[in-house]
Amino acid sequence: MDFNIAVLGGDGIGPEVTAEGVKAMQAVGRAFGHNFTLEYGDVGGISIDRHGTPLTDGVRELATSADAVLFGAVGGPKWDDPSAPTRPEDGLLALRAHLNVFANIRPVKVYPELTDSSVLKPHVLEGVDMVVVRELTGGLYYAQPKGRTQTPQGIVGVDTMRYSESEIERVLRVGFELARGRRGKLTSVDKANVLETSRLWRATATRLADEYPDVELEHALVDACAMQIVLRPASYDVIVAENTFGDILTDEAAILAASMGLLPSASLSGVPEAGARTPGFYEPIHGTAPDIAGQGIANPCGSILSAAMMLRYSLGLTEEAAAVDRAVQTVLEQGYRTADIATAGDAATGTTQMGDLVANAIG
Ligand code: NAD
Ligand code: IPM
Ligand code: MN
């Protein structure tokens with residue numbers, strides 16, 4: 001089959017890891033007889049440098065018309081000036097909103113081979129298998145008013161926390177549906193003891209629970225949840241959280257997996273369905289890692305596994321997706337480790353070599 005994929009590598013290690021995600025897809029193409037037409041575009045800091053904006057109309061159009069988008073990461077110290085009119089991250093936020101991908105699915109899997117690489121004790125990591133559903137197009141990131149203004153009292157920075165019931169309901173439903181297809185447990189995260197948006201969130205979750213009698217709903221306050229995620233991570237099945245909470249909890253959860261570099265994500269406009277052909281936006285959860293960019297040592301597995309999610313949820317290729325997941329597993333079982341994995345030692349595998357190993361394991 002033929003597919004059009006928009007490839008937006010972005011900045012820092014973004015293009016480095018995305019190249020390996022692409023490599024995995026090409027290996028799938030060869031092994032299973034598919035043709036992926038790749039259309040590359042600038043986004044983020046590189047787009048500011050070249051075109052004066054983090055997201056051009058052309059790239060927005062490219063992303064809209066593609067079957068799916070493989071995204072790297074954007075941002076970096078070069079564009080961090082707090083008084084700059086725009087930032088690389090604005091391009092990413094604009095794309096997510098434009099594509100209406102309100103449900104960001106972030107699976108947190110612990111490979112048994114890597115439990116001794118985590119700072120957490122192996123017995124804590126036993127049986128960890130959770131999915132975090134992060135609301136992606138609302139809340140503090142987007143709500144108006146937003147900005148910086150001069151007032152008689154001095155400069156004031158404003159961000160607004162706002163959620164409508166329908167925004168909450170649609171992402172909670174993704175959580176319930178995912179839980180239904182897994183171990184039947186949904187943890188809804190909020191700060192209902194303080195925030196009005198959270199009280200609406202909690203009330204909506206409680207109301208929806210009647211429609212999902214097969215799912216056990218638990219409410220958790222985000223601060224306590226942040227603690228429990230490292231204390232008893234195996235007790236979680238599906239976690240659903242608003243935008244900011246989900247962002248923070250998943251970087252924390254990456255510690256379970258041993259590295260940020262391992263976690264993929266799929267951003268969708270509804271419930272993920274294996275074998276579906278609905279557009280989606282796929283990116284590792286990590287950023288541009290300015291501290292290691294350009295050294296060829298970044299872990300590409302987050303991007304490769306994101307490509308696998310793309311095959312599964314946007315291109316209808318479940319068998320192919322499983323082959324990519326298996327290939328990553330195989331390479332880790334063989335003992336290959338990029339430098340971010342604590343047990344890599346002096347013999348760490350580089351980014352492109354890791355990508356080659358996975359591609360070979362697919363083919
Ligand atoms: P980061 O995720 O880029 O890096 C955090 C730490 O994890 C660093 O030590 C880094 O070296 C390490 N790391 C991350 N990914 C890795 C990988 N694949 N392999 C090995 N090590 C990896 O977070 P940060 O340093 O806080 O942010 C840097 C920039 O990235 C900022 O400009 C931020 O806005 C941006 N960012 C972008 C995205 C995105 O585009 N989706 C996500 C997060 C951060
Ligand atoms: C992520 C990142 C982004 C976010 C930033 C770069 C805007 O941290 O994808 O997790 O906060 O959504
Ligand atoms: Mn983040």
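Residues numbered from 1 in each chain as written. Chains lettered and ligands numbered in written order. Predicted model: local features only at pLDDT ≥ 70, side-chain atom pairs only at ≥ 80, totals over all residues. Heavy atoms only, no water.

A closer look at the site of ligand 1
Taken together, 22 residues lie around ligand 1, and Val74, Glu89, Gly287, Ala289 and Asp291 are the ones closest in. Residue His286 places a side-chain N or O atom 3.3 Å away from a nitrogen atom belonging to ligand 1. Compared with its free state, where it exposes 810 Å², ligand 1 has 70% of that area covered by protein. For the shell around ligand 1, the secondary-structure elements that each account for two or more residues are strand 3 (68–73) and helix 4 (88–99). When its residues are assigned to classes, the shell around ligand 1 shows 11 nonpolar, seven polar and four charged. (Near = heavy atom within 4 Å. Polar contact = N/O pair within 3.5 Å; in protein donor to acceptor, adjacent residues only side chain to side chain. Areas by Shrake-Rupley, 256 points an atom, 1.4 Å probe, with all protein chains shown as cover. Helix = DSSP H or I, 4+ residues; strand = E, 2+ residues; numbered from the N terminus. Nonpolar A, V, L, I, M, F, W, Y, C, P; charged D, E, K, R; others polar.)

Examining the domain arrangement of the protein chain
By convention, interface size is frequently given as the accessible area that disappears when the constituent parts associate. One can read the domain layout of the protein chain as domain 1 (1–109 + 263–363) and domain 2 (119–257). One C-alpha centre belongs to domain 1, the other to domain 2; they are set 23 Å apart. Between domain 1 and domain 2, the contact holds 20 residues from the first and 26 residues from the second. Summed over both partners, the interface of domain 1 with domain 2 buries about 1,900 Å², with 65% contributed by carbon and sulfur atoms. One can count zero salt bridges joining domain 1 with domain 2. Viewed at the interface, domain 2 and domain 1 are joined by seven residue pairs in polar contact (both at pLDDT 80 or more). Elements represented by at least two residues in the side of domain 1 that touches domain 2 include exactly helix 4 and strand 4 (103–109). If you tally residues by element for the side of domain 1 that touches domain 2, the top one is strand 4, at seven residues. Here the residues of the side of domain 1 that touches domain 2 are counted per class, giving 13 nonpolar, four polar and three charged. (Domains from an automatic or database assignment. Contact = heavy atoms within 4.5 Å. Buried area = accessible area lost by both parts, 1.4 Å probe. Salt bridge = Lys/Arg side-chain N within 4 Å of Asp/Glu carboxyl O.)

Section: the pairing of strand 8 (residues 185–190)
Counted residue by residue, strand 8 has six buried out of six residues, so it is predominantly covered. The pairing of strand 8 with strand 9 (residues 216–221) spans six bridges and is parallel. Looking at the pairing, Thr187 lines up with Glu218 of strand 9. Following the chain from strand 8 across helix 7 (residues 196–209) to the adjacent parallel strand 9, one finds a crossover that is right-handed. Direction of pairing for strand 8 relative to strand 10 (residues 238–241): parallel, over a ladder of three bridges. (Buried < 20%, exposed > 50% of the residue type's maximum accessible area, 1.4 Å probe, protein only. Pairing = 2+ DSSP bridges. Right-handed = clockwise from strand over helix to strand, strands pointing away.)

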